[in-house]
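Each chain is listed here by its residues.
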Amino acid sequence: MQLNPQQQAAVECTEGPLLIIAGAGSGKTRVLTQRIAYLITEKQVNPWNILAITFTNKAAGEMRDRVDQLADVNGGSVWVSTFHSTCVRILRRFIDRLGYDTNFTIYDTDDQKHVIKDIIKQMNLDTRMYKDRALLSAISSAKNELISPEEYQLSAAGDWNKQTISKVYSAYQRMLKQNNALDFDDLLMKTVELFQSQPDVLDSYQERFRYLMVDEYQDTNTAQFVLVQLLAKKYRNLCVVGDDDQSIYRFRGANIRNILDFEKSFPEAKVIKLEQNYRSTQNILNAANAVIANNRGRKKKTLWSDRDEGELVHFRQFMNAFEEAEYVAGDIRAKVREGAEYSDFAVLYRTNAQSRLFEEKFLMANIPYRLVGGLNFYSRKEIKDLLAYLKTIDNARDDLAVRRIINVPKRGIGAASLNKAADYAEAQGISLYEAMRRADEVPGLARAAAKLKGFTQYIDSLRAMVGILSVEELLNKVIDQTGYVRELEAEDTEESRARIENIDELITKVVTYEENAEQSSLNGFLADVALVADIDMEDEDTNKVLLMTLHSAKGLEFPNVYLTGMEDGIFPSYMTITSDDVMELEEERRLCYVGITRAMNDLVMTSCKTRMIRGETQYNKVSRFVHEIPRELVDLGRDSLPERKKEREIQKNNVWKKAVQDFRKPAAYSQTMFDKPVLTKGSSLMGASGAPDYEVGDTVRHIKFGTGMVLNIVKGAKDYEVTVDFEKYGVKKMFAAFAKLQKI
DNA sequence: CTCCTTTGTCTTTTT
DNA sequence: GACAAAGGAG
C-alpha cells in the first residue's frame, strides 16, 4: 500500500522536532516503521543511533519485526522498547552512581503494598485515616511529577496531612533503597535523576540516541516528558506521535498538555496531521466523531475514510448482565456460523469485574476466549512464590521476597522467630537475610536458629550456581528441592492442578526468555517479568475472542467490537459523574472514543437496566455517550431480535420501547441524565419498571417474617401492595419496595 | 505454630 | 459477592 502525502511527509521529515497528530486508525505504526527504515536506508543513519519508545512491549516487538522486514539490516540493533524497559537497561549500567546496586529488584504493586503496610504499622498511623492505596497513589503522583521526598516535605509546610504523607514517602523510599528495590515510578524518576546528576552519562546517551521517536505521546507523564527532553536536547531530532483524543491515562499521571503544548517546548517543531482513517466504516467513524466532538480543549481534527458507510452501529439494552452476556455469546456464535473467526471479535468493558459473566457464558457456549488483564499471570500465588525464590537468590537484600518464602514450604518458622531476626537486622543495620545467616548471634532464638540458618545455607548454595546453571535449571532445582510441585500433586484438586499448569507455563517462559535474550541472566529474566503487561503475552495466531478493558484495547483493532456496560454509572463511571472536575468526564469520553474506533466493520453497544455490583443491584440509565451518537447512525434492533420464548419476547419488546424513548430524550444535557444511579441495598429482585418479579402463588422470603405465599398484588399509586401468607406470622400486607421479598 | 473462621473493604482504568 | 487480613481455637 502506498503512503498518502501526509504520511509520506512524516516519514521524510527526519531532522528537527516533529509532532505527528495521528487520529485513530490513521496508520501511524506504519509511518513510524517506515520512518525508521527511511532513516537507515535513505539517510544512512546507523540503526544503533535510533531509539523508538512504544507503550507496550508487544507494540515494540511488532515494530522491531516490521523494521527488520523493511530495512535490510538487523532491526535488533534499533533500540525499540517501552519507557520502563529503556530505563531498566540504562539503570542496570549506571545506577550504582546513585547508591543502588545494579542488580536491583523491581517491585510490583503487590510488593509496594506490603512495604507501605509495614510503614503504616511502624509509624503507628491510624489505618482509617491513612489507607495504603491512597498513600501509594500520593507517592506515585509525586514521583510522576519528579518530586523527591525532600521537596515534598518542603511543600508540606503547614499542612498536617501532607506532612504525614511526606514522612511516609521518605520512609517508603528508605525501605526500598534498603531492599535494593525500585518501583515502577522509580525507574523513570531515577533515570532522570541519573541524567541530571551525571552529565557524562547523559551525554553518552545523547550521542547514542540521535534520533528519538515516542509513540502514544499523549499518555506521557511529567517524568517521561523530562526524560525525553533531556535525551533530545542535544540533537533535537525528536519525533512524537500521538492523538490527544486518545489520552486515557490521566489517573496514572499522564499529562495531556505534553502533546498540546509540544510546539511551545519546541518552537521550531513541524506539525503533521494524519486524518485519513483506514480502519473503520464511515458510520463507525461518524459515531466516534460525534462523541468526541463534545470535548473541549482538543486539537481540531476530523477523521474521514473512503470506506463506505457499512452497517449501522448497533445498540441493545437488556434486563441484566446475564442477558447481555448471553446476547453477545449468541451473536458471536451466529457470526462465526456465517464464517467469521473467533479472533475477529473483542468484547470491551470499563472494569475488569465485568468480565466474569462473559467468561461464564462463553464457557457454556463453547466459545474460545482469552481474558486480558485482571489477575496478571505473574501475580498468581504459585508464580510469586517461585519468583520470590529467584529474587532472593538474585538479590538477598530484598527482605520482602525473603519473608514471602521463608515458610513456603513450611519450615516451622513462625512470626516470633522472624521478628527477632528482623529486630536484630535493624539493630545491626543489615538485611533480614544477613541476620538469618548469622542466626547464632541473634538473641532469643533457640531451636529456630538452626532452621533459619538451614534456609540461608540452602539459598546460598543455589546462589553459588548462578551463572553456572541456566535460569531454567535453577528454577527446576528450586521446584524440585522445595517439593513445591510435589505438594500440589498430593493435594490433587482442580485448583492445585491449575497451579501446576501455571508453573509449567513459567518454566516455558524462562526457556523462551533464555532463547531470545541477547545475553540471558537471572537478573535479566526477573526484570523482564516485572515489566510485561498482560497484553504483551497475546500471540496473534490463536483463534480466540478477546475479553479486555477499554484501556487494554488501546492500539488494537478488530473487525467486530462489543462495547458492553454502556450505562451511566459504569461507563462513564460513577466516580467521574459525581466528580466536579469536568476533565474527568472528558477523559472518560476519550476512552469511549478509543473503544468505538477499535471497530473496523461492526460495532455493537450493549447496556443493562439492572446490574449487580458488589452485591448490590444498581439501576442505571443508558450511557450518555450512547445518546451522543446521532440517532440515524444507530440500529436499535427491533427486527433482528433472536427468537426466544414468548415471555422473553414480551420483556424484550418493553426494553426496546424504553430504548426508543430514551433516544427521543434530548440526550446528554437533559436534567435526568445527570441523576446519580439508583442504589438499593441488598438483593431485591424488583423489576426495573417497579413491578415485583414474583406473582400471586409464588413462595417468597421476607427478611423478618420468613417464607410465605403471595396471595395478592395490587398496584398502588407509587408502589405495589403485596399480600403474603407467612408460615409463621400469618397474613401480612406490605409495600413491595420496602418488603424486599425474594422469590424462592 | 498452624489452621480455620470471622471481619472488613472494595472497584475505575495499568507500566 | 469476593478476597484479604486479623483473630481465635487446637
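Residues numbered from 1 in each chain as written. Chains lettered and ligands numbered in written order. Predicted model: local features only at pLDDT ≥ 70, side-chain atom pairs only at ≥ 80, totals over all residues. Heavy atoms only, no water.

1. Notes on the overall build of chain A
In step 1: Across its full length, chain A carries 30 helices and 23 strands.
In step 2: Counting the 744 residues in chain A, one finds 54% classified as buried.
In step 3: Excluding contacts between residues fewer than 6 apart, the proportion of contacts in chain A whose partners are at least 24 apart in sequence is 74%.
In step 4: Accessible area of chain A: about 34400 Å², with a carbon and sulfur share of 50%. (Helix = DSSP H or I, 4+ residues; strand = E, 2+ residues; numbered from the N terminus. Buried < 20%, exposed > 50% of the residue type's maximum accessible area, 1.4 Å probe, protein only. Contact = heavy atoms within 4.5 Å. Areas by Shrake-Rupley, 256 points an atom, 1.4 Å probe, with all protein chains shown as cover.)

2. Quick look at the pattern of salt bridges
When the charged atoms of two side chains with opposite charge come close together, those side chains can pair.
In step 1: For the structure on display, the rule yields 49 salt bridges.
In step 2: A salt bridge links Lys 384 to Asp 111; the nearest nitrogen and oxygen atoms lie 3.7 Å apart. Of the two residues, Lys 384 is situated in helix α17 (residues 381-394) and Asp 111 in helix α5 (residues 109-122); the sequence distance between them amounts to 273 residues. Comparing Lys 384 with Asp 111, the two get one shared label, buried.
In step 3: For Glu 263, the salt bridge goes to Lys 299, with nearest N and O atoms at 2.8 Å. Placement of Glu 263 in helix α13 (residues 262-265) and of Lys 299 in the loop between α14 (282-292) and β9 (313-318) is noted, with a sequence separation of 36 residues between them.
In step 4: For Glu 263, a relative accessible area of 33% corresponds to the partly exposed category.
In step 5: Within the structure, one salt-bridge network assembled from shared partners comprises Lys 28, Asp 215, Glu 216, Asp 219 and Lys 554. (Salt bridge = Lys/Arg side-chain N within 4 Å of Asp/Glu carboxyl O.)

3. Topic: helix α3 (residues 57-70)
In step 1: For α3, built from 14 residues, the straight-helix expectation of 20 Å at 1.5 Å per residue is met to within 8% by its first-to-last C-alpha distance of 20 Å.
In step 2: Residues of α3 that are buried: Lys 58, Ala 60, Met 63 and Val 67.
In step 3: Against the buried residues of α3 lie α2 (28-41), β2 (50-54) and β3 (79-82). (Expected span 1.5 Å × (residues − 1).)

4. Considerations on the environment of Thr 351
In step 1: Assignment of secondary structure puts Thr 351 in the loop between β10 (345-349) and α16 (355-364).
In step 2: Using a relative accessible area of 36% as the deciding quantity, one classes Thr 351 as partly exposed.
In step 3: For Thr 351 and Tyr 369, which are 18 residues apart along the polypeptide, the C-alpha to C-alpha distance reads 18 Å.
In step 4: At 2.9 Å, the side chain of Thr 351 forms a polar contact with the side chain of Gln 354. (Polar contact = N/O pair within 3.5 Å; in protein donor to acceptor, adjacent residues only side chain to side chain.)

5. Overview of the protein's contact with DNA strand B
In step 1: In the vicinity of DNA strand B lie 25 residues, with Arg 133, Arg 350, Gly 414, Thr 549 and Met 575 positioned nearest.
In step 2: In DNA strand B, atoms within 4 Å of the protein come 63% from sugar and phosphate.
In step 3: Within the side chain of Asn 407, an N or O atom sits 3.2 Å from a phosphate oxygen of DNA strand B.
In step 4: At a separation of 2.6 Å, a phosphate oxygen of DNA strand B approaches a polar backbone atom of Gly 414.
In step 5: The residue inventory of the surface near DNA strand B, partitioned by class, reads eight nonpolar, eleven polar and six charged. (Near = heavy atom within 4 Å. Nonpolar A, V, L, I, M, F, W, Y, C, P; charged D, E, K, R; others polar.)

6. Details of the pairing of β2
In step 1: With five of five residues buried, β2 lies mostly within the body of the structure.
In step 2: Residue alternation in β2 divides its side chains into two sets, Ile 50, Ala 52 and Thr 54 and Leu 51 and Ile 53, and both sets are buried.
In step 3: Judged from the four bridges that link them, β2 and strand β6 (residues 211-214) form a sheet pairing that is parallel. Looking across to β6, one finds that Ala 52 is bridged to Met 213.
In step 4: Alignment of β2 against β3, held across four bridges, turns out to be parallel. Of the residues in β3, the one forming a bridge with Thr 54 is Thr 82. (Pairing = 2+ DSSP bridges.)

7. Focus on the packing of aromatic side chains
In step 1: Per the counting criterion, the structure on display carries 15 aromatic pairs.
In step 2: Plain terms: the ring middles of Phe 195 and Tyr 205 are 5.8 Å apart, the flat faces sit at 50° to each other, and that makes the pair tilted. Placement of Phe 195 in helix α9 (residues 184-197) and of Tyr 205 in helix α10 (residues 199-208) is noted, with a sequence separation of ten residues between them.
In step 3: Relative accessible area serves as the criterion here: at 2%, Phe 195 is assigned to the buried category. (Phe/Tyr/Trp six-rings, centres within 6.5 Å; stacked < 30°, edge-to-face > 60°.)

8. Describing α2
In step 1: With 14 residues, α2 extends 20 Å between its outermost C-alpha atoms, agreeing within 8% with the 20 Å of an ideal straight helix rising 1.5 Å per residue.
In step 2: With eleven of 14 residues buried, α2 lies mostly within the body of the structure.
In step 3: Those residues of α2 lying buried are Lys 28, Arg 30, Val 31, Leu 32, Thr 33, Arg 35, Ile 36, Ala 37, Tyr 38, Leu 39 and Ile 40.

9. Quick word on unusual backbone geometry
In step 1: Residue Phe 571 is joined to Pro 572 through a cis peptide bond whose omega torsion reads 5°.
In step 2: In this structure, Pro 572 sits in the loop between β13 (558-563) and α26 (574-578).
In step 3: One non-glycine residue with positive phi stands out, namely Asn 124, at about 55°.
In step 4: Residue position: Asn 124 is located in the loop between α5 and α6 (132-144).
In step 5: Classification of Asn 124 as exposed rests on a relative accessible area of 70%.
In step 6: You will see that Arg 236, though not glycine, has its phi angle at about 60°, which is positive.
In step 7: Note on placement: Arg 236 falls in the loop between α11 (222-232) and β7 (238-242).
In step 8: Taking the relative accessible area as the measure of exposure, Arg 236 reaches 28% and is therefore partly exposed.

10. Brief notes about the state of the cysteines
Where two cysteines share a covalent bond between their sulfur atoms, that bond is called a disulfide.
In step 1: The tally for this structure, following the rule as stated, stands at zero disulfides.
In step 2: In this structure Cys 87 is a free cysteine whose sulfur lies 19 Å from that of Cys 239, the closest cysteine sulfur available.
In step 3: What makes Cys 87 buried here is its relative accessible area of 0%.
In step 4: Here Cys 608 is not cross-linked by a disulfide; its sulfur's nearest cysteine counterpart is in Cys 592, at 16 Å. (Disulfide = S-S within 2.5 Å.)

11. Examining the sheet that holds β7
In step 1: Pairing in this open sheet of six strands is parallel, and the strands run β3-β2-β6-β7-β1-β8 from one edge to the other. Every other strand in the sheet has two partners, leaving β3 and β8 (270-274) as the edge strands with one partner each. Neighbouring strand axes in the sheet, compared pairwise and without regard to direction, differ in orientation by 15° on average.
In step 2: Pairing analysis gives three bridges linking β6 to β7, with the strands arranged parallel. Paired with Val 214 across the bridge in β7 is Val 240.
In step 3: Across the sheet, α2 is in contact with β1 (18-22), β2, β6, β7 and β8; its angle to β6 comes to roughly 170°.
In step 4: The strands touched by α3 within the sheet are β2 and β3, with β3 carrying the most contacts at an inclination of about 165°. (Axes fitted to C-alpha atoms, helices over the stretch in contact; angles between N-to-C directions.)

None of this, on its own, says anything about what the molecule does.
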